[in-house]
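Fold and geometry: a report
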Amino acid sequence: MGATLGALRGSLTFSRFYVTGDIPDDVPGTTLKRIRANAFQPLSPDDEKNEGAGWANIEDPFDTDLDHEKVFYNEYVCLGLRLDRWVVPGPLLKAHLREAEQALLAKRGLERLGRQAKADLKTMVVRKLRRQLVPSLKSYDVVWNLRTNVLHLYSQSERISALLDDLFKRTFKVDLVPESPGTAADRLGLDAKEARAFAGIEPMMLARLEEEAR
Amino acid sequence: MELLDLIEGRRFMGREFVVWLWFESEMQETNLHPTGADPVSMWLEAQITLVLEKEESRLKGAIPASSPEAKEALRQGKLPKEAKMRLVRGEREYAWTLKADSLGLSGLKLPTQLKKNDEKHEVFYERMMLLEDLETSLSALYADFVRMRLADPWDDEVVPLIKSWAHGEKPDAGAYLATKRAVLGEKRKKKR
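Everything numeric in this text was worked out from a predicted model, so none of it was measured.

Thresholds, definitions, all that
- Residues numbered from 1 in each chain as written.
- Chains lettered and ligands numbered in written order.
- Predicted model: local features only at pLDDT ≥ 70, side-chain atom pairs only at ≥ 80, totals over all residues.
- Heavy atoms only, no water.
- Domains from an automatic or database assignment.
- Contact = heavy atoms within 4.5 Å.
- Buried area = accessible area lost by both parts, 1.4 Å probe.
- Salt bridge = Lys/Arg side-chain N within 4 Å of Asp/Glu carboxyl O.
- Polar contact = N/O pair within 3.5 Å; in protein donor to acceptor, adjacent residues only side chain to side chain.
- Buried < 20%, exposed > 50% of the residue type's maximum accessible area, 1.4 Å probe, protein only.
- Helix = DSSP H or I, 4+ residues; strand = E, 2+ residues; numbered from the N terminus.

**A look at the domain arrangement of chain A**
By a widely used convention, the size of an interface equals the accessible area lost when the partners come together. Partitioning chain A into structural domains gives domain 1 (15-85 + 137-199) and domain 2 (90-130). One C-alpha centre belongs to domain 1 of chain A, the other to domain 2 of chain A, and the line joining them spans 41 Å.

Next up, the structure:
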């Protein structure tokens, strides 16, 4: 795995979220057990799913034996969102599948395989190939500031945001609201007049009327 | 308002925020005074991408936002989708790309002092403190924009000035600042 750019080093690229809902007063004291329960579990070649996600040490994605010292840095909850995927190269799969298909046809004395037989064969070949590979590993830094309840995910991928949303809610039993122009404005404590204007806001037009008429 | 509408239905405000920052920066010669936060010097630099539906203008250069092409793109109805920015607060200097639709920051360079070989937790705390300082400035600027955007004078007084600026004219900076003081000053009084 290459060096990550995130909370600990390098330039920063991130998405922000607001942590809302029933946030415990003592997050370190009440959540470590659930963090450990949602720690990353290694993939098995026989898994039906192609990928798996869970928490890891922010400093070392291979370390999933999480304890207080590895997760809680003063007012920050620091975690690695580890995502492993089986990536079987297409040409390799194709070549092995063709070989397995021909062997099966010869064994059964058939000319063609049915759809189900082909699917079963593919599953078998994929599992066999997985045993010769290691899953690809990526880890994304997640830092939750307990004082401001702002969370930074060091990724701007929507897919990784969705994974975080699922894992975070499952672990901490709180909500995550993604920062966006609308949610950021909504959190400003708008008065009644501003709230009415906000509800009916329309995009501004910078072209002048005479240009629009052309 | 439903969360989905709040997010998807208001994304254009991020693009308008970048236009406003750009306008503010040019009107005030980069010296911005966000309400409730320290003054900063801020400007757009290096690259700006403006879009209207599928049409895109990507401009590069030292300060592409000052180029006639950038204003021309605004006049065509294009708005900034992303822009590289630089902010100086005291002795600290930050540079990043702002993604307007999400307000996400990418490639943010922090003015760190500690080196990676220093005590690792200290390096982390320094980075988080510097990041929070920048976010305080950006949040205060965004709050000022939203207050201005939702106030009565926006359509009748501010938009004509921004249009005039986008058309390469020299808008009345005094009139703009008076409007801004009236809107934001009133908010400050109400807060007390």
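**Looking at the interface of chain A and chain B**
Chain A puts 50 residues into the contact, and the matching count from chain B is 52 residues. Here chain A packs against chain B, burying approximately 4400 Å² in sum over the two surfaces, 60% of which is carbon and sulfur. Our count for the contact surface shared by chain A and chain B stands at 4 salt bridges. Between B:Asp152 and A:Lys193 there is a salt bridge, with its nearest N and O atoms 2.7 Å apart. Counting across the interface, chain A meets chain B through 22 residue pairs in polar contact (both at pLDDT 80 or more).

**Some remarks on helix α3 (residues 68-75) of chain B**
The set of residues buried in α3(B) consists of B:Ala70, B:Lys71, B:Ala73, B:Leu74 and B:Arg75. Just downstream of α3(B), B:Gly77 is the residue with a positive phi angle, here 95°.

**Points about the pattern of salt bridges**
Counted by the stated rule, this structure contains 27 salt bridges over all chains. The shortest N-O distance in the salt bridge between B:Arg149 and B:Glu16 comes to 2.5 Å. In this pair, B:Arg149 sits in helix α4 (residues 120-150) while B:Glu16 sits in helix α2 (residues 12-27), placing the two residues 133 residues apart along the sequence. Exposure remark for B:Glu16: the relative accessible area of 1% places this residue in the buried category. The partner of B:Arg86 in a salt bridge is B:Glu45, with the nearest N and O atoms 2.8 Å apart. A residue pair is termed long-range when its members are at least 10 positions apart, and B:Arg86 in strand β4 (residues 79-89) and B:Glu45 in strand β2 (residues 40-52) qualify at 41 residues. Among the residues examined, B:Arg86 registers a relative accessible area of 23% and is labelled partly exposed. Salt bridges sharing partners connect three or more residues here, namely A:Arg16, A:Glu179 and B:Glu135.

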